[in-house]
Amino acid sequence: MGLPNASEDLSSEMEVDAFRRLFPLRYFERHLAESIRPDARPLSRARDTTISMGAVASADGSALAKIGSTTMLAAIKMEVMTPSLESPDEGCVSIDFHMPPICSPLVRPGRPAEAAPVVAKQLSDTISSSGMINLKELSLVGGKAAWMVYLDIYCLDADGALFDAALLSAVAAFSNLQIPTVSLDDGKIVMLPEEQKEENSEKEPVNKEKRKLTLGGIPFSLTCILHKNYILADPTSEEESIMETLVTVVLDSSNQLVSLYKPGGAVLAYTSAVQDCIALTRQRVKELHQILEEAISGMEID
Amino acid sequence: MEVDRADGRNPNQLRPLACSCSILHRAHGSASWSQGFRFIQTSHFYHFNLFVFTSKCYFCYWVGSGDTKVLAAVYGPKAGTKKNENPEKASIEVIWKPRTGQIGKPEKEYEIILKRTLQSICILTINPNTTTSVIIQVVHDDGALLPCAINAACAALVDAGIPMKHLAVAICCCSAESGYCILDPTKLEEQKMKGFAYLVFPNSILSVLPEGSSLVQGEPMEHGIITSVTHGAMSVDDYFHCLERGRAASAKLSDFLRRSLQSKLPGDLSKAE
């Protein structure tokens, strides 16, 4: 095949950007041979991560998470509903993940992105597997009223590692969540707006003050790419499109494996690769835990 | 340490497997894969229904509750690829039809997982700019649905003659609270257990070359994971335990697949199972 020779001859004469577009795999492999990536990160380092809480003022809980350029906005709204007959003292959490056309040139209006329902399902499975939310805490009046939590995550910029950023924003939004006060009014639950709290004495509040949810084991994740013998942590969308084998490991703070997701891919994962991915995720869990703690304490000071 | 299973199997025992190929005449390739027996339960069902629900005996539920059965059909290669696909390679399109209900997010997730798994086993450079459609129809679901579908899809691709590097064998492993690992759970067992993992491995190699040539990173090639999807939290050690059990079971599954596909070769007049 003429191609390998062609790239060797042209690489010395071509501009870097042109070589990057025409021979993307060769471009990346030249970098990997030096144990570095095009954005000057070592192979096992994730991009800079920031979390900002309370991004949506009208929501009951919200957060904006950025991992490198990937940006996710999570917002939680709560509504009172009658619980189902099978679980009369449990609330419900409904998670939806949206990829509006703003996030990527590959997503056009009218045609939903392929990745969106997959990430949504992965998120709801992960959050229920990790036991972070105790559904019994969401019950108001046993058998009659419980909270329905609507979590919506909007992808504002899709630059790789969508699931990691979405999970981080969901976890931050739940940490920021304050359950609104409600009162019982003729057998119906009524939301109490802020101003009326002092005036109303005939309406008995069901919960006295806005409280936060107690969160169980908080899950954090890391997506890695497997390519030949290399493991790249936290890929960008360019890396994901060229080297297609992704492994997402979700661990919670007690190092329990919540999920190990590897949807096919040309590279087979042997035990050593799986162990390396889990070790990288453990480090990342510590970093993310610290970033989340700083963001929460930053909010409380205000 | 012994875990009692409802149907009396021991922890490492798979349900009885059945694979039939070329069952749909218009499809280029088709296969049905079932794990578990149906017929023993059907007679009880009919008997029960006849006396208790007499008005319903004509509509009685013949299919027993002890099996997972999936039907897979392959059409292709057809000309042209979809808009976002790479035209220099063959592309695979998966359509998943649930037994009842509308198509929702779980079905889309299964489609993507199956598509990526099949893309990694098919040789995509042979027929560029073509689309191969794999249609999965769930006939009955009693646990380990995704592994059953992957096995059925592989058998259907072989039946259609799509070029592949190797086959994929899929297995479901459950991890119990005591750290014990059981294989091929039923739906009730999946819901009761701490966590379960769907694992897909390449099939085992029968080769005249010596063992040493097939080792990669110190492990034989069939120990590599093609796909892994887990539900429920389990410890890292439990997961590796499940991996070992899954690998052992995949060797048995590979043998079964090889035997049932070999009996379909032309020139063999005996009836396939």
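Fair warning: this is a prediction, and the values are worked out from it, not measured in the lab.

**Digging into the interface of chain A and chain B**
Chain A puts 38 residues into the contact, and the matching count from chain B is 35 residues. The junction of chain A with chain B conceals about 3,100 Å² of combined surface from both sides, 55% of it contributed by carbon and sulfur atoms. Run the count over chain A and chain B and you get three salt bridges. Between A:Glu114 and B:Lys115 there is a salt bridge, and its shortest N-O distance comes to 3.9 Å. The interface formed by chain A and chain B contains 14 residue pairs in polar contact (both at pLDDT 80 or more). Mapped by element, the contributors of at least two residues to the side of chain A that touches chain B are strand E4 (92-98), helix H4 (115-130), strand E14 (246-252), strand E15 (256-261) and helix H7 (271-301) of chain A.

**A short note on a positive patch on the surface**
Together, A:Arg108, A:Arg111, B:Lys82, B:Lys83 and B:Lys108 make up a positively charged patch on the protein surface. With respect to the secondary-structure elements, A:Arg111 resides in the loop between E4 and H4.

**Some thoughts on unusual backbone geometry**
B:Gly76 connects to B:Pro77 through a cis peptide bond whose omega is -5°. Mapped onto the elements, B:Pro77 comes out in strand E3 (residues 68-79). One non-glycine residue, A:Asp234, lies in the positive phi region at around 55°. Inspection of the secondary structure assignment puts A:Asp234 in the loop between strand E13 (230-233) and helix H6 (237-242). A:Asp234 gets classed as buried once you look at its relative accessible area, which sits at 1%.

**A short note on the sheet that holds E13(A)**
The strand order E13(A)-E12(A)-E14(A)-E15(A)-E12(B) describes an open sheet built from five strands, whose pairing is antiparallel. At either margin of the open sheet sits one strand with a lone partner, and together these are E13 of chain A together with strand E12 (234-235) of chain B. Alignment of strand E12 (residues 219-227) of chain A against E14(A), held across seven bridges, turns out to be antiparallel. The partner of A:Leu222 across the bridge, within E14(A), is A:Val249. Sheet strands in contact with helix H5 (residues 162-176) of chain A are E12 and E14 of chain A, and its direction is about 175° off that of E12(A). Sitting on the sheet, H7(A) is in contact with E12, E13, E14 and E15 of chain A, with an inclination near 140° to E12(A).

**Quick look at the pairing of strand E4 (residues 91-97) of chain B**
Residues and elements named next belong to chain B. As paired elements, E4 and strand E5 (residues 130-140) share seven bridges and run parallel to each other. In the sheet register, Trp96 faces E5, and the bridge partner there is Ile136. After leaving E4, the chain enters helix H2 (residues 105-121) and then returns to the sheet as E5, a path that is left-handed.

**With respect to the confidence of the model for chain A**
If pLDDT is low for a region, its predicted coordinates should not be looked at in detail. In the predicted model, chain A carries a mean pLDDT of 86, and the fraction of residues at 70 or more is 88%. The low-confidence segment residues 194-202 of chain A, where pLDDT is below 50, has three contacts with residues more than four positions distant or belonging to other chains.

Cut-offs used in this document
- Every chain begins its residue count from 1, and numbering advances along the sequence as written.
- Key to labels: chains lettered from A, ligands numbered from 1, both in the order written.
- A pLDDT threshold of at least 70 governs which residues receive local features in this predicted model, and a stricter bar of 80 or more applies before side-chain atom pairs are shown or counted, although totals over entire chains, interfaces and linings include all residues.
- Values reported for side chains reflect all heavy atoms of the structure, with hydrogen atoms and water molecules removed beforehand.
- Any two residues whose heavy atoms approach within 4.5 Å are treated as being in contact.
- Buried area counts how much accessible surface, traced with a 1.4 Å probe, disappears from two parts once they are put together, with both parts' losses summed.
- Between Lys or Arg on one side and Asp or Glu on the other, a salt bridge is scored when a side-chain nitrogen of the former is within 4 Å of a carboxyl oxygen of the latter.
- Here a polar contact means two N or O atoms within 3.5 Å. Within protein one must be a hydrogen donor candidate and the other an acceptor candidate, and residues neighboring in sequence count only if both atoms are side-chain atoms.
- Each helix corresponds to a stretch of at least 4 residues labelled H or I by DSSP, and each strand to a stretch of at least 2 residues labelled E; elements are numbered beginning at the N terminus.
- The patches described consist of residues with a relative accessible area above 30% and no salt bridge, like charges being joined within 9 Å and nonpolar side chains (Val, Leu, Ile, Met, Phe, Trp, Tyr) within 5 Å.
- Reported accessibility uses the Shrake-Rupley method at a 1.4 Å probe radius. Residues are deemed covered only where the shown protein chains occlude them.
- When charges are counted, Lys and Arg contribute as positive and Asp and Glu as negative, whereas His and the chain ends are disregarded.
- Just so you know, the charge point we use is NZ for Lys, CZ for Arg, CG for Asp and CD for Glu.
- Exposure is judged per residue with a 1.4 Å probe applied to protein chains only, and the accessible area is read against the type maximum: over 50% gives exposed, under 20% gives buried, and values in between give partly exposed.
- Pairing between strands is defined by DSSP: at least two bridges between them are needed.
- In this analysis an axis means a line fitted to C-alpha atoms, helices contributing only their contacting stretch, and an angle means the value between N-to-C directions, from 0 to 180 degrees.
- Classification remark: right-handed applies to a crossover when, strands pointing away from the viewer, the course from the first strand over the helix to the second runs clockwise.
- Confidence scores per residue from the predictor, reported as pLDDT, run from 0 to 100.

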